[in-house]
Amino acid sequence: GRLAVWGRFPRLFFALNISPPTPYGVEAIFGQILRGFLSNVNGQDLSKDASKLGDATQSVCARVSQKLLPTPVKLHYNFDLRHIARVVQGLLLCDRETIEGREYLIKLWRHECECVFGDMLSTQDDKDWAHLAIAQVIEDTFGPKVAKAVREHGVFVNFMREEAAEDTPPHDVERIGT
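Each chain carries its own residue numbering, running from 1 in the written order of its sequence. Per-residue local features are limited, in this predicted model, to residues with pLDDT of at least 70; the limit for side-chain atom pairs, both in listing and counting, is 80 or more; totals at the level of whole chains, interfaces and linings are taken over all residues. With hydrogens and water set aside, each side-chain value is computed from the structure's full complement of heavy atoms.

Below, the discussion takes up the nonpolar core. For the purposes of this section, nonpolar cores are sets of buried Ala, Val, Leu, Ile, Met, Phe, Trp, Tyr and Cys residues that join through side-chain atoms within 4.5 Å. Relative accessibility under 20% of the residue-type maximum defines a buried residue, over 50% an exposed one, and the middle range a partly exposed one, all with a 1.4 Å probe and only protein chains included. Core analysis: the biggest nonpolar cluster contains 40 residues, and Leu38, Leu53, Phe79, Ile99, Trp109, Phe117 and Ile138 have the highest contact counts within it. For the purposes of this entry, the term helix denotes a DSSP run of H or I that reaches at least four residues, the term strand denotes a run of E that reaches at least two, and both are numbered from the N terminus. Elements with a contribution of two residues or more to this core: α1 (23–37), α2 (50–67), α3 (81–92), α4 (102–116), α5 (124–142) and α6 (144–149).

A separate point is a nonpolar patch on the surface. On the surface, Val5, Trp6, Phe9, Leu12 and Phe13 cluster together into a nonpolar patch covering about 590 Å² of accessible area. Note on Leu12: relative accessible area 55%, which makes it exposed. Patches here are clusters of residues that have more than 30% relative accessible area and form no salt bridge, with a 9 Å joining cutoff for like charges and a 5 Å cutoff for nonpolar side chains (Val, Leu, Ile, Met, Phe, Trp, Tyr). Accessibility throughout is a Shrake-Rupley quantity obtained with a 1.4 Å probe, and a residue counts as covered only by protein chains that appear here. Salt bridges are identified by distance alone: a Lys or Arg side-chain nitrogen within 4 Å of an Asp or Glu carboxyl oxygen.

In this description, a disulfide is simply a cysteine sulfur pair whose atoms lie within 2.5 Å. By the definition in use, this model includes zero disulfides. As a non-bridged cysteine, Cys113 has Cys61 as the owner of its nearest cysteine sulfur, 9.4 Å distant.

On inspection of all chains with the given rule, the structure shows five salt bridges. A salt bridge links Asp49 to Arg102, with the shortest nitrogen-to-oxygen separation between them at 3.0 Å. One end of the pair, Asp49, is in the loop between α1 and α2; the other, Arg102, is in helix α4, and 53 residues separate them in sequence. Given the relative accessible area of 2%, Asp49 is considered buried. For Arg102, a relative accessible area of 25% gives the class partly exposed.

Each pair of packed helices gets described by two things: the angle between the helix axes and the distance between those axes. Between α1 and α2, the least distance of the axes is 8 Å, while the angle of their chain directions is 135°. With respect to α2, the element α1 is oriented oblique. As α1 runs across α2, the sense of the crossing is right-handed. Contact residues: α1 offers Pro23, Val26, Glu27, Gly31, Leu34 and Arg35, while α2 offers Ala50, Ser51, Leu53, Asp55 and Gln58. Only C-alpha atoms enter the line fits that serve as axes; for helices the fit covers just the stretch in contact. Angles between N-to-C directions range over 0 to 180 degrees. Any angle from 65 to 115 degrees is called roughly perpendicular, while one under 35 is roughly parallel, one over 145 is roughly antiparallel, and all others are oblique. Definitions for this section: a left-handed crossing has its near helix turned counterclockwise from the far helix by less than a right angle. A right-handed crossing has that turn clockwise. Any two residues whose heavy atoms approach within 4.5 Å at even a single point are treated as in contact.

Turning our eyes to something else, we now look at the confidence of the model for the chain. How sure the predictor is of each residue is captured by pLDDT, a score from 0 to 100. Looking at the chain, pLDDT values average 85 and 89% of them are 70 or higher. Of all the helices and strands in the chain, helix α8 (residues 173–177) carries the lowest mean pLDDT, 48, while α5 carries the highest, 94.

Have a look at this one:
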């Protein structure tokens, strides 16, 4: 029956348990980062929306992880704190000067949620459900008026900025050709 383990062998191992942070802890971390980023954006104080964005991101992550469980075909359907961090990171990569207002910020947040959560999904039904869940979270968090204003998807890219092209030094074609 039982496999005997050498008495000194278990001392070579240890168990480490790190419990996930509470929703309050997650909001404290990412909310503070977003409040600092959104404190003075084009003369507007959007920092009051920082905690709402953090709560909304947690809500999207919770809904997606409760509904879209991992299966043998969809083993990669594991959503955790890392995905919340990627949404916040995507918001922070935007130049503060390009944020035109509250609706623009929420469209950017929606875009980041769809990139982080939606791009991981493998079936069109799951993607459609995730888009509806994100829209429902926007309506629950910011109200139906804002949800209607940000219903259309925005396209956010960083490779079309003129500053990015000016920052890169020109190649010396003559030197390369020799």
